[in-house]
Amino acid sequence: MRIDIITVLPQLLESPFEHSILKRAADKGLVEVNVINLRDYSDHKQKSVDDYSFGGGAGMVMCIEPIANCINALKRERTYDEVIYTSPDGQRLDQKLSNRLSTLNNIIILCGHYKGVDQRVRDHFITREISIGDYVLSGGELAAAVIADSVIRLLPGAISDETSALTDSFQDGLLAPPVYTRPAEYNGWKVPEILLSGHNANIENWRHEQSLERTRLLRPDLLD
Ligand code: SAH
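Every value quoted in this text rests on a predicted model; they were computed, and no experiment measured them.

S.K.: How do you make sense of the side chain of Arg128 when you look at a structure like this?
M.R.: Among the secondary structure elements, Arg128 is positioned in strand E7 (residues 128-131). The contact partners of Arg128, leaving out residues within four places of it in the chain, are Glu82, Val83, Ile84, Tyr85, Gln91, Leu97, Arg100 and Leu101.

Right, here's the structure in full:
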């Protein structure tokens, strides 16, 4: 899979892909993440990528030309399954959407800044708009990192224990059950007996019950 992230702040995206699961996935060749500096596609002398809002009002707007230059240049190299724009008014990211994106080959993620991008970018280049929640960030970079992280960890081979990603919260529409590790007793607080029993079927039943219970309690909406 190839993920091309277009941004005016490439420095913000240097670290997230340099560690842990995301780095391993890249090292194994499961994913290639390219961070592209939008300013490289600006025709202005000062490499500016934004301008005042038509009609007035506070806040700058990202111009269509550099974004169009950049996306068109990328599209000349390969075809893209999705051109995503990070936006608070987009479709809310959830596990189902991450699963779907993880099956694609090439995607672009465009990070907004300031007041966002000129609407014509959204109308003519963007195939999907994604929000990571009902709050406003200063820019799309952290949202792009969240989207990419949730997708990359699903790629087969990204997580050493293949089944692990499948037993996370939301994968079966339920929250994950509680987990424990050594010591079996700390400060008089014991790990549930059943987890030490070695009886796999009973353990699986217990985990399922716990998942249901937790979901009923914390996220009843998921059971509807
Ligand atoms: N004026 C816009 C917000 C701009 S915030 C509005 O009110 O909708 C600047 C940029 O940050 C946005 O263009 C978007 O790319 C990104 N962003 C902010 N909040 C986000 C969120 N919840 N999810 C995804 N991207 C977000």
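S.K.: For this particular structure, what's the right way to read the site of the ligand?
M.R.: Close contacts around the ligand come from 20 residues, with Tyr85, Thr86, Gly112, Tyr135 and Leu137 the closest. In this structure, a nitrogen atom belonging to the ligand sits 3.4 Å away from a main-chain N or O atom of Ser87. At 3.2 Å from a nitrogen atom of the ligand is found a main-chain nitrogen or oxygen belonging to Lys115. Isolated, the ligand exposes 560 Å² of accessible area, and the fraction of that covered by the protein chains is 85%. For the shell around the ligand, the secondary structure elements donating two or more residues are strand E5 (82-92) and E7. If you tally residues by element for the shell around the ligand, the top one is E5, at 4 residues. Class assignment for the residues of the shell around the ligand results in 9 nonpolar, 10 polar and 1 charged.

Definitions and limits used
- Each chain has its residues counted from 1, running along the sequence as written.
- Totals for whole chains, interfaces and linings use all residues, but because this is a predicted model, local features are given only for residues with pLDDT of at least 70 and pairs of side-chain atoms are given and counted only at 80 or more.
- Values reported for side chains reflect all heavy atoms of the structure, with hydrogen atoms and water molecules removed beforehand.
- We count a stretch as a helix when DSSP gives it H or I for four or more residues in a row; a strand needs E for two or more, and each element gets its number in order from the N terminus.
- Should any heavy atoms of two residues lie within 4.5 Å, those residues are counted as being in contact.
- By convention in these notes, a residue is near a molecule or strand provided one of its non-hydrogen atoms lies within 4 Å of it.
- Any N or O atom pair separated by 3.5 Å or less is treated as a polar contact, with the protein-specific requirement of one donor-capable and one acceptor-capable atom, and with residues adjacent in sequence counted only for side-chain atom pairs.
- Method for areas: the Shrake-Rupley scheme with a 1.4 Å probe, in which residue coverage is limited to the protein chains shown.
- The residue classification treats Ala, Val, Leu, Ile, Met, Phe, Trp, Tyr, Cys and Pro as nonpolar and Asp, Glu, Lys and Arg as charged. All others, Gly included, are polar.

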